[in-house]
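Spelled out from the first residue to the last, the chains are:
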Amino acid sequence: MKGVIGGFVQTVRSFLRKPVTRLYPYERAPLEARFMGAPGLLWDDKVDEIVCVACNICARSCPDDCIYLTGEKYDGGKTTKKNIVRDYFIDLGRCSYCGICVEVCPFDANEMSPHFELSTYDRQQLIYDKNRLVDIARGVQRRMGKPDAGDVPVVGALDPSAWR
Amino acid sequence: MAIDISDPSIDTLAPTESQIVEERNLETVEMTINMGPQHPSTHGVFRMVLALAGERVQQVEPFIGYLHRGAEKLGEAGDVEGYRKAVIWLDRTDYLSVWPNEHCYMLCLEKLAGLQVPERAEYIRVILSELGRINSHAMFYGAFGADAGATTPFMYAFALREELYSLFEAVGGQRMFPNYFRPGGLREDVPADFVARVGHVVDTGYRACDEFDRLLSGNEIFLARTQGIGVVSAERAIDLGLSGPVLRAAGMPLDVRRVEPYSLYDRFDFDVPVGTRGDCYERYLIRLQEIRQSLGIVEQAIRDLPAGPIMGNAPKALRPPKGDAYQRIENARGDFGVYIVSDGRSAAPYRVKYRSPCFVNLQGLNDMVVGAYVADAVLALGSIDIVLGEVDR
Amino acid sequence: MSTETPAAALLDPPSWMPGVLIAPIIGGFSLADFLGLFALLNFILFFVMFEIWLERKVAGHIQLRRGPLHVGPHGALQSPADVLKLLTKEDLMPAIADRRIFRIAPYLVFVPVFLTFLIIPWGGLGPLQNIVLRPFDLALVYLVAIPALQAIGIVMAGWSSGNKYALLGSARFVAQLISYELPMVVSLLGVAVMAESLSLTRVVDVQRETLWFIFLQPIGFVIFFIASMAEMSRTPFDIAIAESEIVGGPFIEYSGMRWGIFFLAEFAAVFLNAALAVALFMGGWQFLPGLDLLPELGVFWFFGKTMTLIVVIQWARFTLPRLRIDQLMDLAWKALLPAGFVNLILSAVYQMYGFLPFAIGLGLTLVGLALLLLAYRNQRRPIPGGIQLVSVARPSAEPAAMG
């Protein structure tokens with residue numbers, strides 16, 4: 001009987017404790033600074049053009065083969081880029097958020113964004129094109145692989161409207 | 001079973017003489033039931049076909065492979081960053097003890113490539129591996145409670161796991177599959193408040209352990225349900241190649257961290273919990289005790305955590321020399337091993353092989369289940385603590 | 001309304017047996033009765049919704065969660081929303097199901113529970129005194145006979161589903177129901193002896209005149225409470241629906257509102273058994289033992305006590321693991337039934353020799369039971385179990401050859 005009574009005592013104790021669940025859509029847990037959501041493409045605000053030069057290393061390194069991209073010749077910008085990305089698709093339905101594409105990128109052209117609320121009614125909508133990938137990474141600083149970056153939050157605020 | 005009334009040989013209204021005689025020598029007819037792959041307590045997509053005589057299990061036939069993704073073959077794929085890709089797939093085999101498995105892979109790769117790991121990185125790896133073990137055992141506690149019919153343990157376990165996952169998110173950026181260890185060190189240093197947060201998690205862990213014990217460990221109903229159920233003797237366990245808590249419950253103090261220390265485990269004080277009878281209850285107790293021992297290891301490691309670099313002299317594009325290496329560790333389920341063969345040329349392993357303890361431990365299922373009740377079969381399966389991702393790979 | 005049953009009639013089973021079953025329903029059916037039944041049915045439906053909400057709240061807070069929150073204040077309208085959802089769901093039926101039996105089984109489970117509510121003495125409310133839909137002299141017989149009819153519905157559900165889990169579940173349910181019927185009857189016999197009547201109204205009155213039977217019949221109360229929990233298949237006795245083993249048992253193939261009716265029956269049974277325990281052992285609508293505070297509000301006292309018992313049942317559900325079927329049978333036949341007979345003898349002692357010998361006997365019995373329990377515990381653990389911590393020596397350079 002001792003053990004059964006102990007169980008009853010324990011359940012009363014936890015009954016009196018504060019619940020640990022959060023009311024998720026209304027009450028968001030703070031994301032950690034390093035949180036890795038969907039990968040996004042960085043936009044160079046100084047020269048106002050995309051950083052990616054379509055070298056294809058991310059696509060080849062992706063364990064899920066979820067990245068597809070094409071590039072084109074480029075000479076009109078303010079940088080010395082010879083190539084620039086034309087199409088860039090990530091199938092977030094397949095992506096495993098491992099961060100390898102970010103680590104291998106020699107041009108620091110992408111970063112894991114804090115965007116994680118991906119629900120859609122249609123699997124096709126999980127294939128993000130270049131514009132959406134730039135959108136979700138807007139305001140994100142390149143941090144991974146840069147030891148000096150420390151734990152700066154990658155994005156200012158978690159405002160879901162900014163990603164849509 | 002249904003009587004076909006159109007069959008003229010059967011008179012459903014008045015039993016014939018022969019039918020009455022038949023009824024006198026009533027025999028139990030074996031009933032075959034198919035448990036899984038969609039069944040709440042097969043821990044994923046495991047399938048058992050049970051032959052029942054009443055409630056007793058006469059025969060059990062396990063079927064696996066519903067979750068086969070070819071993790072080993074995928075590990076050989078890829079011309080670029082193949083050694084990294086293999087880890088991604090390894091993580092997703094045993095999704096509960098991710099940290100120890102990543103640790104094992106990295107140790108194996110470092111052995112093969114001859115890399116040196118800074119001491120700080122190794123300490124952090126040990127801390128995270130032990131926290132991963134706690135995470136897995138907590139999950140076991142919850143699932144085993146649910147198997148026994150108690151719903152509350154699950155939520156208690158998840159309250160603890162939430163703390164752990166928040167810590168993992170802070171360290172590796174991901175809650176379940178952090179991909180944080182690297183050949184030769186770590187991806188990046190731990191956050192500044194790491195030590196304080198681990199301390200908090202350790203406190204929570206000890207408190208949660210007490211709660212776990214109070215709720216279920218001494219409960220007479222739980223004792224009656226689990227004691228003497230699913231017994232596997234030590235000799236039989238060795239014969240079958242079982243490892244981990246299933247083997248230790250049978251009385252063998254065999255923990256790879258002690259018998260063949262890897263990483264820094266020879267620096268820490270911890271005891272190996274060992275059972276005497278090898279039943280479900282002892283497996284359960286051993287796992288709870290291992291949570292406490294792991295918390296102790298984490299405390300020691302946090303206390304001794306040195307400063308310094310977190311990455312050794314690993315080349316950016318890793319091409320290990322031709323050869324092979326095998327590394328075994330003790331993960332949450334038992335003796336886990338990674339075997340890597342390199343052909344010396346490509347950036348991907350020529351062959352990777354994982355020795356998955358669940359798959360081997362599952363061999364003990366027949367010994368545990370046959371002759372028991374259906375309810376015990378569920379408990380015995382739960383006490384092996386299988387993760388189907390790892391069994392099927 | 002009540003018809004006086006002569007004692008001689010009891011000796012002649014064929015004449016009173018059908019009477020037990022149908023007298024409360026047929027005997028003098030009037031418009032008032034119809035309205036009463038209609039009100040009762042609706043009341044049960046609403047109460048069950050409330051009970052489900054309460055159970056989910058209790059479960060939530062025990063499990064460090066919050067329970068339903070979004071529909072209505074504190075999720076209070078969650079159950080009506082769920083009912084609406086169930087009503088709109090497709091009524092699926094397995095292809096090999098025995099269709100007619102499959103369809104009527106849920107009602108055969110609910111109706112006996114509903115019928116048993118007829119005899120419950122709710123107490124007084126304002127000018128109305130002692131509300132009972134059917135004051136019935138053989139109430140104690142009735143409340144054993146009618147709920148047992150549930151077994152038929154369960155077997156029909158299990159058999160007609162064409163599912164082996166359902167079959168196993170219904171077999172378990174019937175075995176459990178029949179086994180626990182006996183300890184329950186014996187505990188009720190104790191009550192009947194104490195009250196010198198089989199009428200529930202009379203049982204309550206006797207408790208008001210003397211003392212609540214929970215104090216005079218503690219063993220009987222425990223037996224009745226455990227047996228009723230087992231009969232309605234609640235954790236820790238829920239082997240018949242055991243999700244982790246046989247995935248819901250007889251209800252596995254049901255969906256939509258048909259499943260909802262099973263659910264309704266289950267929760268109505270919780271309410272019923274709590275109310276019966278209050279009427280039989282906890283003084284019915286009396287405020288406190290020996291204190292008749294405001295009998296005009298008797299209904300509220302009755303409900304207060306019933307709610308307390310319901311919460312205790314829910315609390316047990318979220319604390320205890322499930323027993324196994326053989327252990328369940330052991331409990332019924334080896335523990336509850338003998339204890340019930342001891343209780344019956346004690347009741348007889350009370351009636352024949354008065355309170356003092358009874359009290360001494362009760363004390364001795366309790367001590368004896370405690371000793372028996374202790375002896376049983378010691379005898380049950382001949383094998384040393386448990387784990388020990390082994391400090392394995394850290395090996396030196398040479399790795400140990402193991403495995």
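Below or above, wherever it landed, is the structure these notes cover. Residue positions are counted from 1 within each chain, in the order its sequence is given. Labels are handed out in written order, letters beginning with A for the chains and numbers beginning with 1 for the ligands. Totals for whole chains, interfaces and linings use all residues, but because this is a predicted model, local features are given only for residues with pLDDT of at least 70 and pairs of side-chain atoms are given and counted only at 80 or more. Side-chain metrics in this entry use all non-hydrogen atoms of the structure; hydrogen atoms and water are not considered.

## Here we look at the sheet that holds strand β9 (residues 351-355) of chain B
Residue and element names in this part refer to chain B.
Part 1: Two strands are said to pair when DSSP picks up at least two bridges between them. To qualify as a helix, a DSSP run of H or I must reach at least 4 residues; to qualify as a strand, a run of E must reach at least 2; elements of each kind are numbered from the N terminus. The antiparallel open sheet is built from three strands, whose spatial order is β7-β8-β9. Of all strands in the sheet, those bounded by a partner on one side alone are β7 (323-331) and β9. Each strand of the sheet is rotated relative to its neighbour by a mean of 10°, with strand direction disregarded.
Part 2: Relative to β9, strand β8 (residues 334-342) runs antiparallel, the two sharing five bridges. Looking across to β9, one finds that Gly337 is bridged to Arg355. Every axis corresponds to a line fitted to the C-alpha atoms, with the helix fit spanning only the stretch in contact, and the corresponding angles, defined between N-to-C directions, vary from 0 to 180 degrees.

## Describing the state of the cysteines
Residue and element names in this part refer to chain B.
Part 1: Note that a disulfide, as used here, is simply two cysteine sulfur atoms within 2.5 Å. On inspection of all chains with the given rule, the structure shows zero disulfides over all chains.
Part 2: Distance from the sulfur of Cys280, which forms no disulfide, to the nearest cysteine sulfur (Cys358) is 16 Å.
Part 3: Classification of Cys280 as buried rests on a relative accessible area of 0%.
Part 4: Unpaired in terms of disulfides, Cys358 finds its nearest cysteine sulfur in Cys104, a separation of 14 Å.
Part 5: Throughout, exposure labels follow a simple rule: accessible area from a 1.4 Å probe, protein chains only, divided by the maximum for the residue type, with under 20% read as buried, over 50% as exposed, and the rest as partly exposed. Judged by its relative accessible area of 1%, Cys358 falls in the buried class.

## Here's the deal with the side chain of Glu102(B)
All names here are of chain B.
Part 1: Within the fold, Glu102 resides in helix α4 (residues 98-113).
Part 2: Under this rule, positive means Lys or Arg and negative means Asp or Glu; His and the chain ends count for nothing. Each reported salt bridge corresponds to a side-chain nitrogen of Lys or Arg within 4 Å of a carboxyl oxygen of Asp or Glu. In this structure Glu102 is buried but unpaired, with Arg182 as the nearest side chain of opposite charge at 6.0 Å.
Part 3: Think of a polar contact as two N or O atoms within 3.5 Å of one another; within protein, one of them needs to be a possible hydrogen donor and the other a possible acceptor, and neighboring residues in sequence only count if both atoms come from side chains. Engagement of the side chain of Glu102 in a polar contact is seen with the backbone nitrogen of Tyr180, the distance being 3.4 Å.
Part 4: Pairs of residues are marked as contacts when any of their non-hydrogen atoms sit within 4.5 Å. Glu102 has contacts with Val87, Leu90, Asp91, Pro178, Asn179, Tyr180 and Phe181, leaving out every residue within four places of it along the chain.

## Considering helix α4 (residues 78-88) of chain C
Residue pairs three or four apart in sequence face the same way in an α-helix, which turns once every 3.6 residues.
All names here are of chain C.
Part 1: All of the buried residues along α4 are Gln78, Ser79 and Leu86. Viewed end-on, α4 has its buried residues packed into an arc of 95°, placing them on one side of the element. Facing away from the buried surface of α4 by more than 90 degrees, the exposed residues are Leu84, Leu87 and Thr88.
Part 2: Buried residues along α4 sit against α3 (31-62) and α13 (256-281). Each direction from the helix axis to a C-beta atom contributes to the arc, which is the arc of those directions.

## Thoughts on the pattern of salt bridges
Residue and element names in this part refer to chain C.
Part 1: Within the structure shown, the criterion is met by 48 salt bridges over all chains.
Part 2: The partner of Arg208 in a salt bridge is Asp205, and the shortest N-O contact between them spans 3.2 Å. One end of the pair is Arg208 and the other is Asp205, both in helix α9 (residues 200-209) and three residues apart, which spans about a single turn.
Part 3: Taking the relative accessible area as the measure of exposure, Asp205 reaches 21% and is therefore partly exposed.

## Some remarks on the environment of Val49(B)
All names here are of chain B.
Part 1: In this structure, Val49 sits in strand β2 (residues 47-53).
Part 2: Overall, the relative accessible area of 17% leaves Val49 in the buried class.
Part 3: With 14 residues separating them in the primary sequence, Val49 and Phe63 have C-alpha atoms 7.9 Å apart.
Part 4: Once residues within four sequence positions are removed from consideration, Val49 is found in contact with Thr32, Ile33, Asn34, Gln59, Val60, Glu61 and Phe63.

## Details of the interface of chain C and chain B
The extent of an interface is frequently quoted as the accessible surface area lost upon association of the parts.
Part 1: Listed as interface residues are 44 residues of chain C and, on the opposing side, 61 residues of chain B.
Part 2: Both sides of the chain C and chain B interface together cover about 4,500 Å² of buried area, and 60% of this is carbon and sulfur.
Part 3: Remark: the boundary between chain C and chain B carries three salt bridges.
Part 4: A salt bridge links Glu245(C) to Arg225(B), with the nearest nitrogen and oxygen atoms 3.8 Å apart.
Part 5: Counting across the chain C and chain B interface gives 13 residue pairs in polar contact (both at pLDDT 80 or more).
Part 6: Among the secondary structure elements, those contributing two or more residues to the side of chain C that touches chain B are α8 (164-195), α12 (243-246), α15 (325-353), α16 (355-380) and β3 (388-390) of chain C.
Part 7: A total of five residues in the side of chain C that touches chain B trace back to one element, the largest contributor, which is α8(C).
Part 8: Three categories are distinguished: nonpolar for Ala, Val, Leu, Ile, Met, Phe, Trp, Tyr, Cys and Pro, charged for Asp, Glu, Lys and Arg, and polar for the others, with Gly belonging to the last. Of the residues that constitute the side of chain C that touches chain B, the class distribution is 23 nonpolar, nine polar and twelve charged. Buried area is a sum: the accessible area each of two parts loses on coming together, probed at 1.4 Å, counted once for each and added.

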